[in-house]
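# Residue-level structure breakdown
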Amino acid sequence: MGSLFRSEEMILAQLFLQSDSAYSCVRELGELGKVQFRDLNSDVSAFQRKFVNEVRRCDEMDRKLRFLFNELEKVGIETRKAGNITAPDPQELIDLESKFEVLEAEVKEINTNKETLKRNLLDLIELQFILLQTQSFFQEAEQYSTLITGQEPGGIERGVISDTEEKGLLEEGRARSDMGLTSQTNFMFVAGVIAQERLATFERVLWRACRGNVFMRQAPIIDPLEDPTTGAMVFKVVFVLFFQGDALRTRVRKICEGFRATLYQCPETQAERQEMSIAVTNRIADLRAVLRTTEDHSVTQLEEIAQEIDVWQQKVTKVKAIYHTMNMFNLDMAQHCLVAECWCPVEDLEEIQTALVRGTEESGSTVPSILNRMHTPDDPPTYFKTNKFTKGFQNIVDAYGIATYQEVNPALYTVITFPFLFAVMFGDAGHGLIMALFALTMVIFEKRMQGSGGEMFGTFINGRYIILLMGIFSIYTGMIYNDVFSKSLNIFGSNWNASYTNTTPDYVFPSDCSCPDVCVLHLEESETTILPTQAQLFQDPYPFGLDPIWQVAENKLLFTNSYKMKMSIVLGIIHMLFGVILGFFNHIHFKRYINIVAEFIPQILFLLCIFGWLVILIISKWIIFYEDLNTAPSLLITLINMFLKFGMSPSVTCDDPGTDDCDFDDNQYSVFSPTAGAADAQKFFQIFLVIIAVACIPWMLLVKPIYLYVQYKKNKKLGYSRQIDTGSDLEPNDAETEYIVHHEDDEQPKHKSKGDEELGGQIQEEEHFEFSEIFVHQAIHTIEYCLGTISNTASYLRLWALSLAHAELSEVLWNMVLKIGFSGVSTKLFTSPVVFIDGIAIFALFAFWAVLTIGILLIMEGLSAFLHGLRLHWVEFQNKFYDGAGYKFAPFSFEAILSGKEDE
Amino acid sequence: MPHPFAIWLSGRDFKMFQEYVFNVDHGYLEGLVRGFRSGILDRTDYLNMVQCETIEDLKLQLAATDYGNFLQNEPSPIAVTLIDEKLKNHLVVQFRYMRAHSVPDLSTFLDYITYSYMIDNIILLITGTLHQRQISELRSKCHPLGSFAEMESINIAATPAELYSAVLVDTPLGPYFKNCISETDLDELNIEIIRNALYKAYLEDFYKLCQSMGGETAEVMGRLLAFEADRRAFIITINSFGTELTQDDREKLYPTCGKLYPDGLIRLAKCEDYEQVKAVAECYPEYANVFSGAGTNPGEKTLEDKFYEREVELNVQSFMHQFHFGVFYSYMKLKEQESRNIIWIAECIAQRQRAKIDNYIPIF
C-alpha cells in the first residue's frame, strides 16, 4: 500500500521500561522520532510530576546558557554549529551543571570588573569635561571681573540669563560679582554632570527650591557617553552651580542627588585645575589600557564558550525533553518500572524494538524493556511519511484538515491535479518557463537556501517543488493554447489554407458571430470570413495545440473562450467524478457497504446523468461538423430544456419571430445529427436521464436512514435476549457486530478501530439513537450534494475565467507597451526613423514590460491562480469524499524539538 | 491624533453619539485590554497555585499562565520581592504600551490613573525621608507608573508649603496639593492627612473628568469612583479612632463623590466607634453587605478584604459594558488585586503559613 494513499497503520503500544534503563530508552526513541507518547498524568499538575526536579535543573541550565548566549550576542561572536550530539547520560548532567556554574560566575565576574572599570572611566571622562568647561567658565568670569570694573555689574549674567528673569538673581549676581572682585572664596560652587533629559526640570526645581539664589552655568558634552550598566548611549550636560552659604549647599546637594547628577570635586584655582587635568588625562589613558586587556580577556573566554555552546545547548534541550517525556509515564511501584503508552506506526515497530534493545544495553540493565500492543477504541493519529517532494502537497491538504485515520489521502492526486489546474488558469509557456526556472534554481540550491530569506521568501522555498511542477505544467498548457508571452509559436507551420475561395456568400458571418464553435476565420487583410468545408477541417489539423493562424484572426477571442469554457466544464466534471469514486474506496476500506448502495451509486448516477451527459454533448459537438450552422445546437439551452421542458422541444417556438435570438431560444436539432429522428432519439434519451437523476434524490435521502433504523430495531431486540448467539443471523461486518464486539470485548477488537466510527458511535450508545437526527443529517448531505454538483460545476468555470484574464492581460501588456517600442517611436516624432532614439525607447519599454510581466502576470496572477486552484481542490474536489477529521501524528523527536518545529 | 471625524463630532458636542465613533480612536486599545483581561488568572489557576509546595513550584505554575516566562531568566532561589517586582513590571509594560497608543480623551484618562500612583510615591518618599532613609533606597520601592522627574528631590522640603512650591507645583498633583499647604510640619499624622487630602482632591477631580466625558464612561466610572470614595471615607473614619484627628478635620478628608455624600458623610463624621460606623453602613445596602460579614475573628474576613471583594466585583462588572474607558481602570485594579493574590500565596508558601493561604480574593 502506497504510504501516501492511506496514512500509516498505527497501533497503541504499552512500554514497560525498567526505571534504570528508561532514560536511555527514551533517548533512543527520541533520536528515532517515530513514537508519540500519550500523557498518562494529564490530571497531575506540572510541579507534582515525578521528574520535575530534573526538568527544573535543566531549566536552570537553560537559563545559564541563555545568559551566555546573550553575552555572546552582545560582543557579536558567532557560535559554532555542532552536528547532532547525543543526549548525555544522567550522570554527566552534574558535570555540565558545575561547568555552567563556573562559566556563568566567571563571565559575571569579568562583567562586573568591566563595569567597574567603565564606571571609573566614565567618571574620569566626565571629570575631564568638567575641568575643561569650568576652565572656560572661570576664565570668562575673570575676564569679566576685570572688564566690569567701573561698569554696570551683572554683565556676566546677561550672556546667560535673559533680562526678563527675576530680579533676585540679578541682584545676587551683582552682589557676587562685587564680591568676586574683593574675594573669590566667599561664594561656593559645585560642579557635576547630569543627563540631558533631566536638565530642564532640574533647573526649574533648583530655581524654585533655592528661590533663585543659585547661579548655573552649563555646557553640553557633545558626544554621548556610554552608561556602564545598561550599555546605552546617553547625552549628558556639564553644569556648575554657584551659591552662598552652607544651608544652600546641603539643599543643592540634595537636589543633585535627587536628579541623579554626579558631582565632582573641582579645585578652585587654575593651577590646581590644570594639574588635575593632566593627572586625569593620564589616568584615563591607563584605564583605557586596562579596559582593553579586560575586554580582550573576556572576548577570548567568550570565544571558547562559542565553540562549545551549541553542543551544550543541544544536550540540555535533549535531556529536558527526555525528562519531560518521562513525566508523562506512569510509575509502577511493584515492579520498579515506568509504564508508557505510545502510538507507533506498525511498519516501524522493528526499528522501535531495536531502539529499545539498544537503550537497555546502553544502560547496562539486564531486564529488557517490553513493548506490548494494546487495543483501544481511540482514533489513532494520522501519519504520512512524506519526502521533500510530497511534503508541500501534503501541506496543501493538511491546511484544510488532517485526514481521518486511514482515509484516502487527496494529497497523492493533488501532486498532479493541483499544478495542472493551476496551469489551465496560468496557460502561458513563457511565463511558465520563467516560473519553472525560478523553482529549478531553488531546487538545485535547496541546501544552501534552506532557512534563509525571511518569512516571505521562505514560503516560496518550502513550496519549490509545487512551483516547479506548476511552471512545467504551465509550459505544457501554454503550448496547447499556443501562448508565449501572448504570442503564438509557428512551429509546424499553419495548416490553414488561405487559398480557399469563398463562393457561398451565405456562409459569411458577421465578425460578432455568437456561434463560435465552427471555425470562422476572419482574416484581417481580406476582410472576408471564410468557412472551411468538412473535408478541409478534418484533413490536416495542426499537430499540437492551437493553430498559430488564430493569432491574426479577428474571432480568436470568441473561439478561445468557447474552447476554454467547455474544457473547464469537462475537466471539472472529471475531477468531481474522480472525487466521488475515491469516496467508494473509503467506503470499501471502512467496510461501510451501506454507503456504497445508499450514497455512492446514486451520487455517481446523479452526476453522470446530468453532467456526464453534458460532457458527452460537448465532446460530440467538437467532433461533429455542422454543414448548416443553423443546425448547430446550443448546449446550454439543451441542458436547460432537458429539465424545464422535460427533454428537448422538437419544433421552433418563437414568441417574437422578428428577432434573430429566437433561433437559439429553442433547439430543434440534435447534437449528433441534424435529422429529426436524431432529435427525437436524443429527446427520449434525455427524458430517461432526467428520470434517473430525479430518482437518485430520494434514494440518497431515504435509504440510509431507513436501513439504520431497521438495523437498530433488530439490534435492540437482540439486546434484550443477550444469551442468543450474537453473530449468527447478522452480517459479519456491519456496525452491529462492532457494537457487540465492543461490549463483549473479546474478539476482533482491532477490527473495531477500523470500523465505521460514525455508525458505530451512533449505535453503541443506544439511548442516543434518534431517527430524526440521522434523517436531518442525511437530508443536509443530500441537499448539499445535489446543489453542489450544479454549483461546483459552475465553480470550475473559474478555470476559464482566470485563463482568459491571464491571456488578455498579457496581450494588453504586449500591445500597449512592448509593441510601441518595436513599431519605432521616432517615426511618430520625426519624419525618418532615428535609430538612437528607438534603441533607448525599446530599452526603457522592455524594462517596463519585463517588470510588469514579473510583477503582475507572474506574481499576482500566479498567486490568484494558486488560490483558485487551492479552492477547487479544497471545496469542489475534497468535499466529495474527504472527512479531514483526524489529528496529526506528532512523534517525540529530538530533531523536531531542536529545530523548533514541534507543535505544542 | 484623534480621528478628524471624531474631532468634528466632539466639536459639535454630540456627547450622545460618542459610542458610534468610539472605535475610531479607542477600538484597538479596548480590544487589547479585553484581551489582556482574558489573561487574568481564574479559579483553577489559583487552586493549582495554592497546591504549590515551594516558590519554584509557583514559578512553574505561573509559567503556564499568561505571565509565561516572566521569571525564566531569574536564578533560583527566587525571592517574593522579586516576584512582586516582576509582576509590577509586567503590568507597567502593558500600561505603557496602551498609554503610548492612546489619543485624547483616553490618554488623559490613563494619565489620571497614574496620578494615584504618584500620590502613593510622594507619601512613600516623605515617610521614608522622615525615617532618615536614603533616597536611592526608596527609589526602587516607588511604583514606576507614578514616577516623575521632580519626585526624588522631595527630601529638600521640610514643610508642606515648601513641598508644594519647590517640588509639586508643576506636577499634575499641584492643584490637589493646594489645600494641604496650611499644615505646619511633616510628621506622621500630617503625612496621613496630606495623603487623604490628596486622594480626596484626586478622586473628586477624576470623578468630574469622567462625568464630563459623559456616556458609558460617566456611568461606569461614576460607580467605581463612588465606591472608592466611600471606601476611603469608611477607612478614614475607622482609622481615626484613637488619634488626635478632630471630627471636623476628618470630615474635610471625606471625598464627596460617593454615594454617602452628603447625608452619610455627615453621620460618619460624628461616629465615635466601629459600631456607629456599621450603623451608618446599614443604611446603604451594598455597604451593609460589606460590613455584615467582616470581622477580625478567625474564619471571618477582614473589612479590608470585604472591600476588596466588592471592588473586584464592581470592576468585573465594568467589562459588561462597551465603548467606555472604565475597562482600563478596572483592568488596572483587577491586575493589582491579582498581584496582591499572587504575592499573598507566595508569602504563605515562603513562610510556611499554609493555613492562611486561601485568603486570596479570586477574580473570576
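To be clear, the structure that these remarks concern was listed above.
Residues numbered from 1 in each chain as written. Chains lettered and ligands numbered in written order. Predicted model: local features only at pLDDT ≥ 70, side-chain atom pairs only at ≥ 80, totals over all residues. Heavy atoms only, no water.

## Some points on the overall build of chain B
Formally: By the criteria applied, helices consist of DSSP H or I runs no shorter than four residues and strands consist of E runs no shorter than two, each listed in order from the N terminus. Only the C-alpha atoms count toward the radius of gyration. The rule for a globule is 2.2 Å times the residue count to the power 0.38. Here's how the labels work: a residue is buried when its accessible area is under 20% of the maximum for its type, exposed when over 50%, partly exposed in between, all with a 1.4 Å probe on protein chains only.
Each helix and strand counted, chain B has 17 helices and zero strands in total. For chain B, whose C-alpha radius of gyration is 21 Å, the value lies close to the compact-globule estimate of 21 Å for 364 residues. With respect to the principal axes defined by its C-alpha atoms, chain B has extents near 55 × 50 × 45 Å. The buried share among the 364 residues of chain B stands at 54%.

## Describing the packing of helix α11 (residues 215-240) of chain B against helix α17 (residues 326-350) of chain B
Residue and element names in this part refer to chain B. This is how it is decided: Axis geometry follows a simple rule: fit a line to the C-alpha atoms, using only the stretch in contact for helices, then measure angles between N-to-C directions, giving values from 0 to 180 degrees. Each helix crossing is assigned a hand: it is left-handed if the near helix lies turned anticlockwise from the far helix by less than a right angle, otherwise right-handed if that turn is clockwise. Contacts are assigned to residue pairs that have any heavy atoms within 4.5 Å of one another.
Two elements in contact, α11 and α17, have axes separated by 9 Å at closest approach and are oriented at 40°. Viewed along their axes, α11 and α17 form a crossing whose handedness is left-handed. Each of V220, M221, L224, L225 and E228 in α11 lies in contact with α17, whose residues at this interface are G326, Y329 and S330.

## A closer look at the environment of L224(B)
Residue placement: L224(B) occurs in helix α11. Each C-alpha atom of the pair L224(B) and Y308(B) lies 12 Å from the other, and the pair is 84 residues apart in sequence.

## With respect to the interface of chain B and chain A
The condition that has to hold: Note on terms: buried area is the combined drop in 1.4 Å-probe accessible area of two parts once they are placed together, counting the loss on both. A pairing counts as a salt bridge when a side-chain nitrogen of Lys or Arg comes within 4 Å of a carboxyl oxygen of Asp or Glu. The term polar contact refers here to a pair of N or O atoms within 3.5 Å; inside protein, the definition further demands a hydrogen-donor-capable atom paired with an acceptor-capable atom, and it admits residues adjacent in sequence only when both atoms are side-chain atoms. By the convention adopted, Pro, Cys, Tyr, Trp, Phe, Met, Ile, Leu, Val and Ala count as nonpolar, Lys, Arg, Asp and Glu as charged, and the other residues, Gly among them, as polar.
At the interface, 27 residues of chain B touch 22 residues of chain A. Summed over both partners, the interface of chain B with chain A buries about 2,300 Å², with 47% contributed by carbon and sulfur atoms. Applying the counting criterion to the chain B and chain A interface returns three salt bridges. Across the salt bridge formed by D170(B) and R208(A), the nearest N and O atoms sit 2.4 Å from each other. For the pair chain B and chain A, the number of links is three residue pairs in polar contact (both at pLDDT 80 or more). Where the side of chain B that touches chain A is concerned, the elements lending two or more residues are α4 (55-63), α7 (135-139) and α8 (160-168) of chain B. For the side of chain B that touches chain A, the leading source of residues is α4(B), giving four residues. A per-class count over the side of chain B that touches chain A returns eight nonpolar, eleven polar and eight charged.

## So, the pattern of salt bridges
Scanning the entire structure with this criterion turns up 47 salt bridges over all chains. Linking R232(B) and E228(B) is a salt bridge whose minimum nitrogen-to-oxygen distance equals 4.0 Å. With R232(B) and E228(B) both in helix α11, this residue pair falls four residues apart, about one helical turn. E228(B) matches R232(B) in its accessibility class, with the two residues each being buried. When salt bridges with common partners are traced through the structure, they connect E8(A), K34(A), E347(A), D348(A) and K385(A) into a single cluster.

## Comments concerning a nonpolar patch on the surface
Short version of the rule: By definition, no residue in a patch forms a salt bridge, and every one has over 30% relative accessible area; like charges are joined within 9 Å, nonpolar side chains (Val, Leu, Ile, Met, Phe, Trp, Tyr) within 5 Å. Shrake-Rupley sampling with a 1.4 Å probe provides the accessible areas, and residues are treated as covered by the protein chains on show and by no other component.
Together, L433(A), L437(A), L440(A), I444(A) and F445(A) make up a nonpolar patch on the protein surface, roughly 460 Å² of accessible area in all. Here L440(A) is to be found in helix α12 (residues 429-444).

## Describing unusual backbone geometry
In most cases, non-glycine residues show a negative phi, while peptide bonds are predominantly trans. Omega for the bond connecting P104(B) with D105(B) falls within 30 degrees of zero, at 0°, which places this linkage in the cis form. Looking at the element boundaries, D105(B) is found in the loop between α5 (80-100) and α6 (106-130). The linkage connecting Y261(B) with the following residue, P262(B), adopts the cis geometry, with an omega of 0°. The residue P262(B) is located in the loop between α12 (247-253) and α13 (263-269) in this model. Of note, N482(A) is a non-glycine position whose phi angle comes to about 55°, a positive value. Tracing the backbone through its elements, the reader meets N482(A) in the loop between α15 (464-481) and β12 (521-522).

## Remarks on the layout of surface pockets
Rolled over the atoms, a probe as big as a water molecule pinpoints where empty space is left. Residues and elements named next belong to chain B. Rules: For cavity detection a 1 Å grid was placed over the protein atoms alone, and a set of points counts as a cavity when a 1.4 Å probe fits there but cannot get out; an open set counts as a pocket when protein lies on both sides within 12 Å along at least five of seven lines, with lining residues being those that have an atom within 4 Å of a point. Grid points are joined across faces, edges and corners, and a volume is the space filled by probe spheres set on the points.
By volume, the second largest pocket amounts to about 1,600 Å³. Looking at the second largest pocket, it is lined by 50 residues, and the ones nearest its centre are D120, R195, E304, Y308 and R340. Among the secondary structure elements, those contributing two or more residues to the lining of the second largest pocket are α5, α6, α10 (188-213), α11, α16 (303-318) and α17. Per-element accounting of the lining of the second largest pocket gives the leading share, eleven residues, to α17.

## Some points on the pairing of strand β3 (residues 188-195) of chain A
Residue and element names in this part refer to chain A. Rules: A pair of strands is considered paired only if DSSP assigns at least 2 bridges between the two.
Within β3, seven of the eight residues are buried, which leaves it mostly tucked inside the rest of the structure. Bridge analysis of β3 against strand β7 (residues 236-243) gives eight bridges, and the strand direction is antiparallel. When the sheet's bridge partners are listed, V190 is paired in β7 with L241. Bridge count for β3 against strand β8 (residues 262-264) is three bridges, and the pairing is antiparallel.

## Topic: the nonpolar core
For clarity, the cut-off: In this text, buried Ala, Val, Leu, Ile, Met, Phe, Trp, Tyr and Cys residues form a nonpolar core when linked through side-chain atoms within 4.5 Å.
Core analysis: the biggest nonpolar cluster contains 143 residues, and F202(A), L241(A), F109(B), F206(B) and F328(B) have the highest contact counts within it. Among all residues touching F206(B), those that are not within four sequence positions of it are F109(B), Y112(B), I113(B), M221(B), L225(B) and Y329(B). Grouped together as the second largest cluster of nonpolar side chains are 75 residues, I396(A), A403(A), V570(A) and I618(A) included.

## A closer look at a negative patch on the surface
All names here are of chain A. Applied cut-off: As used throughout, the charge tally considers Lys and Arg to be positive and Asp and Glu to be negative, leaving His and the chain termini uncounted. Just so you know, the charge point we use is NZ for Lys, CZ for Arg, CG for Asp and CD for Glu.
Together, E106, E109, E303 and E304 give the surface a local cluster of negative charge. Put simply, the parts of the chain that give the negative patch at least two residues each are α3 (90-147) and α8 (270-326). Along the chain, E304 turns up in helix α8. Classification of E304 by relative accessible area gives exposed; the value is 59%.

## Structural notes on the sheet that holds β7(A)
Residues and elements named next belong to chain A. If you trace the four strands from one edge of the open sheet to the other, you get β4-β7-β3-β8, paired in antiparallel fashion. Each end of this open sheet is capped by a strand with a single partner; those strands are β4 (215-220) and β8. In this sheet, adjacent strand axes meet at a mean angle of 25° when their direction is disregarded. Relative to β3, helix α6 (residues 196-209) is tilted by about 145°, and along the sheet it contacts β3, β4 and β7.

## A look at α6(A)
Put simply, the rule is: One less than the number of residues in a helix, times 1.5 Å, gives the span that helix is expected to have.
Taking 1.5 Å of rise per residue, the 14 residues of α6(A) would be expected to cover 20 Å, and the 20 Å separating its terminal C-alpha atoms lies within 8% of that figure. Those residues of α6(A) lying buried are L199(A), T201(A), F202(A), V205(A), L206(A) and A209(A). If you follow the buried residues of α6(A), they end up packed against β3, β4, β7 and α7 (246-258) of chain A together with α8 of chain B. With its phi angle positive at about 55°, R211(A) sits one or two positions after the end of α6(A).

## Regarding helix α11 (residues 411-425) of chain A
All names here are of chain A. The condition is simple: Each residue is assigned a bend, namely the angle between axes fitted to the seven residues that terminate at it and the seven residues that start at it.
Compared with the 21 Å implied by 1.5 Å per residue over 15 residues, the 20 Å span of α11 between its first and last C-alpha is a close match. Where α11 bends most, the angle comes to about 30°, and this point is T417, followed within four residues by the proline P419. Counting buried residues in α11 gives twelve out of 15 residues, a clear majority hidden from the surface. Turning to α11, its buried residues are A411, Y413, T414, V415, T417, F418, P419, L421, F422, A423, V424 and M425. Looking at the buried residues of α11, the elements they touch are α10 (388-400), α12, α15, α17 (556-589), α26 (798-822) and α28 (835-877).

## Overview of the environment of I588(A)
All names here are of chain A. Mapped onto the fold, I588 is located in helix α17. By relative accessible area, I588 is classed as partly exposed at 37%. For I588 and K50, which are 538 residues apart along the polypeptide, the C-alpha to C-alpha distance reads 46 Å. With residues up to four places along the chain from it excluded, the contact list for I588 reads Y593 and I596.

## Remarks on the pairing of strand β10 (residues 337-345) of chain A
All names here are of chain A. Taking burial as the measure, the nine residues of β10 include nine buried ones, the bulk of the element. What you see with β10 is no split at all: C337, V339, E341, W343 and P345 on one side and L338, A340, C342 and C344 on the other are buried throughout. As judged from the two bridges shared by strand β2 (residues 36-37) and β10, these two strands associate in the antiparallel manner. Bridge pairing in β10 places F37 opposite C342. With antiparallel pairing between neighbouring strands as the criterion, strand β9 (residues 330-332) and β10 make up a hairpin whose turn holds four residues, including H336 at a positive phi of roughly 55°.

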